[in-house]
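Residue strings, one per chain:
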Amino acid sequence: MAVSSRSGITILFVTIVVCTFILFPILQVVVERDPQLSAYDDDKNDLSQFRESLENGDGTSYNVSAILSNPAVLEEVGNPSETLLIIAGTESPYTFLELEIIVEFIANGGSILVFGDFDYSNTIANLFGIKFVKHKLWDLNYKGNVSLIETTANVDGKPYAVLLNEPVAIQSAPIPPSAWNSNAGYLNPYQTIFMTTSPQSYIDLDDDGEISDADETAPESGFTLGMRFDMKSEGGDPGSVVFISDSSVPINDMFDRSAN
């Protein structure tokens, strides 16, 4: 049945009303929502306490600057060996050019701390032959609820109790042809595992929310949660790269828990 002109005008008016009074406010809330992982805001998902500890903590006095777009600014760093790049919750993959800049930064003595999990941190992790496994990690060693996993980080021979919030496992992965091609001397860094799950842990490979026969069981050593790579070089003093498989460790809501 054909739609009359009057009906067409009515439908158009209703559409305009719906878009104006329902859809637009919803979209406006989405667009205007507060950013997370901000180094300068005080919400529970921000990093202000972590930033303050870097600036004023015991034995630290970093001058902290936020990089909101890409790592190209690293090319302007005059003292890479005194600089730490912190990457938390990568929202998009790094391009080949950006990876080259990061590799050059490391080669010149810069160090990197990566907090990753279900994000795009694998674009950096893959350079080191590892990956963040993007499936739910279960561990019988949890606190309060199954999302909060208790573990121990061994740093410089000292154990520290750490509480993680929905971490993932770190496993081996093929090293793709990448920016390392021009820096072949760094392909075999010295690696250290400093944090793991308990042996009673599982990776939910079928994503069914339950522990089942389809899931991967941890070895006796547990799944890896933290790795450090100290770079090798014959003609210089390159930096190091640390991976922690939980982007929420440095947020305000988690920063004061255990020895985080």
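The preceding data block contains the structure.
Residues numbered from 1 in each chain as written. Predicted model: local features only at pLDDT ≥ 70, side-chain atom pairs only at ≥ 80, totals over all residues. Heavy atoms only, no water.

J.: Help me get a handle on the pairing of strand 12 (residues 224-230), residues and values and all.
T.: Summarising burial for strand 12: five of the seven residues are buried, a large majority. Across six bridges, the pairing between strand 9 (residues 190-196) and strand 12 is antiparallel. Residue pairing in the sheet places isoleucine 193 in a bridge with methionine 227 of strand 12. Taken together, the five bridges between strand 12 and strand 13 (residues 240-244) define a ladder with antiparallel strand orientation. The residue bridging phenylalanine 229 from the neighbouring strand is valine 241, located in strand 13. (Buried < 20%, exposed > 50% of the residue type's maximum accessible area, 1.4 Å probe, protein only. Helix = DSSP H or I, 4+ residues; strand = E, 2+ residues; numbered from the N terminus. Pairing = 2+ DSSP bridges.)

J.: Kindly report on the pairing of strand 13, identifying the contributing residues and their values.
T.: Of all five residues making up strand 13, five are buried, and the element is well covered by its neighbours. Of the two faces of strand 13, the one carrying Ser240, Val242 and Ile244 and the one carrying Val241 and Phe243 are both buried. Looking at chain direction, strand 2 (residues 111-115) and strand 13 are connected through four bridges and run parallel. Counted as the bridge partner of leucine 113 is valine 242 from strand 13.

J.: Outline the side chain of serine 38, supporting the account with residue identities and numerical values.
T.: Counting through the fold element by element, serine 38 comes out in the loop between helix 1 (5-32) and helix 2 (48-56). Here tyrosine 40 takes part through its backbone nitrogen, which lies 3.1 Å from a polar atom of the side chain of serine 38. Polar contacts involving the side chain of serine 38 include one to the main-chain amide nitrogen of aspartate 41, which spans 3.3 Å. Among all residues touching serine 38, those that are not within four sequence positions of it are Asp46, Leu47 and Ser48. (Polar contact = N/O pair within 3.5 Å; in protein donor to acceptor, adjacent residues only side chain to side chain. Contact = heavy atoms within 4.5 Å.)

J.: How would you sum up the packing of aromatic side chains? Please name residues and give values.
T.: In total, this model carries six aromatic pairs according to the counting rule given. Centre to centre, the rings of phenylalanine 50 and phenylalanine 115 are 5.9 Å apart; their planes meet at 85°, and the pair counts as edge-to-face. Here phenylalanine 50, found in helix 2, pairs with phenylalanine 115, found in strand 2; they are 65 residues apart in sequence, far enough to count as distant. Classification of phenylalanine 50 as buried rests on a relative accessible area of 13%. Relative to phenylalanine 243, the ring of phenylalanine 229 lies with its centre 5.9 Å away and its plane at 85°, an arrangement referred to as edge-to-face. Separated by 14 residues along the polypeptide, phenylalanine 229 in strand 12 and phenylalanine 243 in strand 13 bring together distant segments of the chain. The two residues phenylalanine 229 and phenylalanine 243 agree in class, both being buried. An aromatic cluster is defined as three or more aromatic residues linked by ring pairs; in this entry it consists of Phe128, Phe132, Phe229 and Phe243. It is lysine 134 that lies over the ring of tyrosine 120; its NZ or CZ is 5.5 Å from the centre. The cationic tip of lysine 136 hangs over the ring face of tryptophan 138; the distance from NZ or CZ to the ring centre is 5.4 Å. (Phe/Tyr/Trp six-rings, centres within 6.5 Å; stacked < 30°, edge-to-face > 60°. Lys NZ or Arg CZ within 6 Å of the ring centre and 35° of its normal.)

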